[in-house]
Amino acid sequence: MTVTTQRFTLEEYLRYDDGTDTIYELVNGELISMALGTGQHGEVIDFINTQFRINIAQMGRDWVSKQMAIAIQSPRGDRWDTVRIPDVTIIPKAQWRNLQNREAIIPLNEPPPLLVVEVISESTKSIDYRAKRAEYCVLNIPEYWIVDPLQGKITIFTLSEGWYDEAVFTDSDRLISPTFAELNLTVNQILQGEI
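Residues numbered from 1 in each chain as written. Predicted model: local features only at pLDDT ≥ 70, side-chain atom pairs only at ≥ 80, totals over all residues. Heavy atoms only, no water.

Okay, the pairing of strand S10 (residues 153-160) next. The side chains of a regular strand alternate, first on one face of the sheet and then on the other. Alignment of strand S9 (residues 143-148) against S10, held across 6 bridges, turns out to be antiparallel. The partner of Asp 148 across the bridge, within S10, is Lys 153. The antiparallel pairing of S9 with S10 creates a hairpin that spans 4 residues between the two strands, and Gly 152 there sits at a positive phi of about 65°. With 8 bridges connecting them, S10 and strand S11 (residues 163-170) associate as antiparallel partners. Bridged to Lys 153 within S11 is Thr 170. Adjacent in sequence and paired antiparallel, S10 and S11 are bridged by 2 residues, among which Glu 161 carries a positive phi angle near 55°. (Pairing = 2+ DSSP bridges. Helix = DSSP H or I, 4+ residues; strand = E, 2+ residues; numbered from the N terminus.)

Right, here's the structure in full:
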């Protein structure tokens, strides 16, 4: 017996609707459903998004922070497309306005996000640490956060000469973010979802 997996082009993926509220990433042409994660997972994502929005306003930046609302086309070399949906994405407001009347996907020919965040769950840890790190680096995303409640740490990757340098923060360490230099949060605050 042969099992075949239906593969989708980017255009087919953008039109796909299975009649459910399931959110899918596209990985090498295959639809991969995004699990809800634990309540803590959702709380951490919401807390980070809220803190980013507060800091954007305080800094007077013309940016937006969106929670699981923006997809990014990946530069993977396979013949099938890949599209990622980060947990939190920071882009300029002008870029967000351009997404208002079309699918909220940033294609390869447009500027990358300023920062993306992935919050680890048991089912995504390998993908977030390996595949997405490589893809986001090739896309020239200046800053990538991996928030890891499983190991109690946050890793901030910053782009330098085409590669990501990493800084690992744990416990009561205050995060150091080039994008959010005035952010005054510790790992524990983020993982607990409260100040």
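This part covers the side chain of Asp 87. Take Asp 87: it is sitting in the loop between strand S5 (83-84) and strand S6 (88-92). The buried charged residue Asp 87 lacks any salt bridge partner; its closest oppositely charged side chain belongs to Lys 132, at an N-O distance of 6.5 Å. Setting aside residues no more than four positions away along its own chain, Asp 87 makes contact with His 41, Ile 45, Lys 66, Gln 67, Met 68, Val 117, Glu 118 and Val 119. (Buried < 20%, exposed > 50% of the residue type's maximum accessible area, 1.4 Å probe, protein only. Lys, Arg positive; Asp, Glu negative; His and termini not counted. Salt bridge = Lys/Arg side-chain N within 4 Å of Asp/Glu carboxyl O. Contact = heavy atoms within 4.5 Å.)

Another point: the environment of Arg 84. Turning to its location among the elements, Arg 84 is positioned in strand S5. Exposure remark for Arg 84: the relative accessible area of 3% places this residue in the buried category. Residues Arg 84 and Gln 58, spaced 26 residues apart in sequence, show a C-alpha to C-alpha distance of 29 Å. A polar atom in the side chain of Arg 84 sits 2.9 Å from the side chain of Glu 135. (Polar contact = N/O pair within 3.5 Å; in protein donor to acceptor, adjacent residues only side chain to side chain.)

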